[in-house]
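Close look at the chain arrangement
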Amino acid sequence: MSTDLRCRHDRALRELASDLFGRGLGRASVARALGIPEEAVRKWQLTYRAVGRDGLLSMGKAHARCDFETKVAAASAVVDGGMGKPEAMGLFGIASPSSLKGWCRLYREGGAEALRPRPRGSGAKAAPTTREQELEREVRRLEAQVAYLKKSMALKAELRSRTGRRP
């Protein structure tokens, strides 16, 4: 019998896990007691340590948005200050380790400005920045169009040769 590692667990299971964390049990013990994968319990334990029981129980609802200053401070503490991610999560009240991991990656690549919020919607993705990039994109589009037309002509010619008439 295999366990689906992608399944989501309900609030009642997370309540039981938080009670067990509160009693001092580790992730392996909690995973065994609840019959769920240890990796899921590890993530819950990180969230429990960072934002407490309420944060763990509110998982799966709308994501809380962190402001620019919090993102920069957390990423800077981890990247520049050498702080551990679980410690930074607890200090800055970040519930998701994946969010902090992404912020750290952006901070390393582009500094604090990379964490600045960008507008969402249809205009969020900017057009190619240089004329050369725009021309390369147009060449790729035209090459795909030519390949499509060649394939269409070849299929029509094959059909014509089989049937002896135009399709």
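Residues numbered from 1 in each chain as written. Predicted model: local features only at pLDDT ≥ 70, side-chain atom pairs only at ≥ 80, totals over all residues. Heavy atoms only, no water.

**What about the overall build of the protein chain?**
Looking only at helices and strands, one finds 7 helices and 0 strands in the protein chain. What you see in the protein chain, going N to C, is helices and strands ordered as α-α-α-α-α-α-α. The contacts of the protein chain with a sequence gap of at least 6 include a subset with a gap of at least 24, amounting to 49%. Carbon together with sulfur atoms contributes 52% to the accessible area of the protein chain, which is approximately 12,400 Å² in total. (Helix = DSSP H or I, 4+ residues; strand = E, 2+ residues; numbered from the N terminus. Contact = heavy atoms within 4.5 Å. Areas by Shrake-Rupley, 256 points an atom, 1.4 Å probe, with all protein chains shown as cover.)

**Regarding the packing of aromatic side chains**
One pass over the structure, following the stated rule, counts 1 aromatic pair. Centre to centre, the rings of F21 and Y48 are 5.3 Å apart; their planes meet at 45°, and the pair counts as tilted. Of this pair, F21 sits in helix α1 (residues 11-22) while Y48 sits in helix α3 (residues 38-57); the two residues are 27 residues apart in sequence, bridging distant segments of the chain. When its relative accessible area of 24% is taken as the criterion, Y48 is described as partly exposed. (Phe/Tyr/Trp six-rings, centres within 6.5 Å; stacked < 30°, edge-to-face > 60°. Buried < 20%, exposed > 50% of the residue type's maximum accessible area, 1.4 Å probe, protein only.)

**Some points on the nonpolar core**
One finds A75, M89, I94, L100, W103 and L115 to be the most contacted residues of the largest nonpolar core, which totals 15 residues. Counting only elements with at least two residues in this core, the list comes to α3, α4 (68-79), α5 (85-92) and α6 (97-110). The element best represented in this core is α4, accounting for 5 residues. If you look at the next biggest cluster of nonpolar residues, it comprises 11 residues, including L13, L34, I36 and V41. (Core = buried A, V, L, I, M, F, W, Y, C linked by side-chain atoms within 4.5 Å.)

**Thoughts on α3**
Residue pairs spaced three or four apart in an α-helix point in one direction, given the helix's 3.6 residues per turn. The end-to-end C-alpha distance of α3 is 18 Å, clearly below the 28 Å that 20 residues give at a rise of 1.5 Å each. Along α3, the helix axis deviates most sharply at V51, where the bend reaches about 130°. If you check which residues of α3 are buried, you get A40, V41, W44, Q45, L46, T47, A50, G55, L56 and L57. The inward-facing, buried residues of α3 abut α1, α2 (27-34), α5 and α6. (Expected span 1.5 Å × (residues − 1). Bend = angle between axes of the 7 residues up to and from the residue.)

**Notes on the pattern of salt bridges**
Summed over all chains, the structure comprises 7 salt bridges. With a shortest N-O distance of 3.0 Å, R116 and E113 are connected by a salt bridge. Classification of E113 as exposed rests on a relative accessible area of 52%. Between E134 and R131 there is a salt bridge; the shortest N-O distance is 3.5 Å. With E134 and R131 both in helix α7 (residues 131-163), this residue pair falls 3 residues apart, about one helical turn. On the basis of relative accessibility, which here comes to 34%, the residue E134 falls in the partly exposed class. (Salt bridge = Lys/Arg side-chain N within 4 Å of Asp/Glu carboxyl O.)

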